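Chains, contacts and geometry: an overview
What follows is each chain in one-letter form.
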Amino acid sequence: MEPIRNPKLADAIAEHLEQMILEGVLRPGEKLAAERELAEKLEVSRPSLREALEKLQKRGLIEITKTGTVVAQFMAMMTEPLAAMMQSNEQALIDYLEYRGLVEGEAARLAAIRATEVEMDAIETCLNRMRNAHKLDDPTAEAEADIDLHVLIYEAAHNVVLMHVMRAFSEMLHGGVFYSRLQLYTRPGVRDVLLEQHLAIGAAVLARNPDLAAEAATNHVRATAATLAEIREEQVRVARALRRMGRSEFVTH
Ligand SMILES: [Zn+2]
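Residues numbered from 1 in each chain as written. Predicted model: local features only at pLDDT ≥ 70, side-chain atom pairs only at ≥ 80, totals over all residues. Heavy atoms only, no water.

Some words on helix α1 (residues 7-22)
Taking 1.5 Å per residue as the helical rise, α1 with its 16 residues ought to reach 22 Å, and the 22 Å between its terminal C-alpha atoms agrees with that figure. Residues of α1 that are buried include every one of Ala-10, Ile-13, Ala-14, Leu-17 and Ile-21, and no others. Taken around the axis of α1, the buried residues stretch over an arc of 100°, which confines them to a single face. Turned more than 90 degrees off the buried face of α1, the exposed positions are Lys-8 and Glu-15. On the buried face of α1, the contacting elements are α2 (35-42), α3 (46-58), β1 (62-65), β2 (68-71) and α8 (160-174). (Helix = DSSP H or I, 4+ residues; strand = E, 2+ residues; numbered from the N terminus. Expected span 1.5 Å × (residues − 1). Buried < 20%, exposed > 50% of the residue type's maximum accessible area, 1.4 Å probe, protein only. Arc of directions from axis to C-beta. Contact = heavy atoms within 4.5 Å.)

The structure is reproduced here in structure tokens:
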């Protein structure tokens, strides 16, 4: 017997899931629970759920694969070509940091005002992860926690435009499009300063102090830009010195 389909129900499920993707509750790349489980939780039939998922797949919001259903990286259509153009382009890096300087402070301000209790907890957990990675001298884990903290703040700002755009940029940052985070994190003294800056942002958001949160986040981006400029200058200096050196200086006499 053909299972009964309820198109209105499928629409309602699709709309609900779409809202969750829009609001950032479901994140690009995240795998959804198995169909059976999801149908049970939503208290709907599996055919209705499947129909809803197919609707979302057609609109490019999810991908249905053999191993499960995944929220699509729908921003990648825009960011991948952009990343390719921006990769190792110096002016793009400067512009990126200027843009982040404009947005980051306001995101933190909104997060301090709008964060839910659940989001506050997530920010606190992330700060603890960052402290631990710092203590363990693990620059990779610390840099990961850095990106996560910023994304949590974008989410807590409760502005879906800001969240999706900034999340897409942080994916690019993750891929090393703008600069090497490891290069930043392994630079002597920088890790301590970054930790302090992140803790200051987190503390201000958790204390629900919008002005302080905005100030801390803006300072953080400015300081990062300054450090990256220093790294760049050093690289230019070394390259220049290397060019000046002749063959005779590389070999023993
Ligand atoms: Zn940061």
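What about empty space enclosed by the protein?
Counting across every chain of the model gives 2 cavities of 30 Å³ or more. Roughly 110 Å³ of internal volume is contained in the largest cavity. Arg-100, Asp-146, Leu-173, Tyr-179 and His-220 are, among the 13 residues lining the largest cavity, the residues nearest its centre. Among the elements of the structure, α5 (90-114), α7 (139-156), α9 (181-185) and α11 (210-244) are those that each provide at least two residues to the lining of the largest cavity. Residue classes in the lining of the largest cavity are distributed as 7 nonpolar, 3 polar and 3 charged. If you add up the space inside the second largest cavity, you get close to 50 Å³. Lining the second largest cavity, in full, are Tyr-96, Arg-100, Ile-147, His-150, Tyr-154, Met-166, Phe-169, Ser-170 and Leu-173. Of all the secondary-structure elements, those providing two or more residues to the lining of the second largest cavity are α5, α7 and α8. By residue number, the principal contributor to the lining of the second largest cavity is α8, which donates 4 residues. (1 Å grid on protein atoms, 1.4 Å probe; cavity = no way out; pocket = protein on both sides within 12 Å on 5 of 7 lines; lining within 4 Å. Points joined across faces, edges and corners; volume = space filled by probe spheres on them. Nonpolar A, V, L, I, M, F, W, Y, C, P; charged D, E, K, R; others polar.)

Describing the layout of surface pockets
In this model, the largest pocket occupies a volume close to 570 Å³. Lining the largest pocket are 27 residues, and of these Pro-28, Val-151, Arg-167, Ser-170 and Glu-171 sit closest to its centre. For the lining of the largest pocket, the secondary-structure elements that each account for two or more residues are α4 (76-86), α6 (117-135), α7 and α8. Ranked by residues supplied to the lining of the largest pocket, first place goes to α8 with 7 residues. Tallied by class, the residues present in the lining of the largest pocket amount to 13 nonpolar, 6 polar and 8 charged. Together, 18 residues line the second largest pocket, and Glu-90, Leu-93, Phe-178, Tyr-179 and Arg-232 are the ones closest to its centre. Breaking the lining of the second largest pocket down by element, the ones donating at least two residues are α5 and α11. Across the lining of the second largest pocket, the residue classes break down as 10 nonpolar, 6 polar and 2 charged.

Quick word on unusual backbone geometry
A positive phi is found at Glu-43, a non-glycine position, where the angle reads about 55°. For Glu-43, the position within the fold is in the loop between α2 and α3. In the Ramachandran plot, Arg-208 falls in the positive-phi region, its phi being about 55° despite a non-glycine side chain. Here Arg-208 is to be found in the loop between α10 (190-206) and α11. The class for Arg-208 is partly exposed, based on a relative accessible area of 34%.

Examining the environment of Arg-131
With respect to the helices and strands, the residue Arg-131 is situated in helix α6. On the basis of relative accessibility, which here comes to 37%, the residue Arg-131 falls in the partly exposed class. Setting aside its immediate chain neighbours within four residues, Arg-131 contacts Leu-195 and Leu-199.

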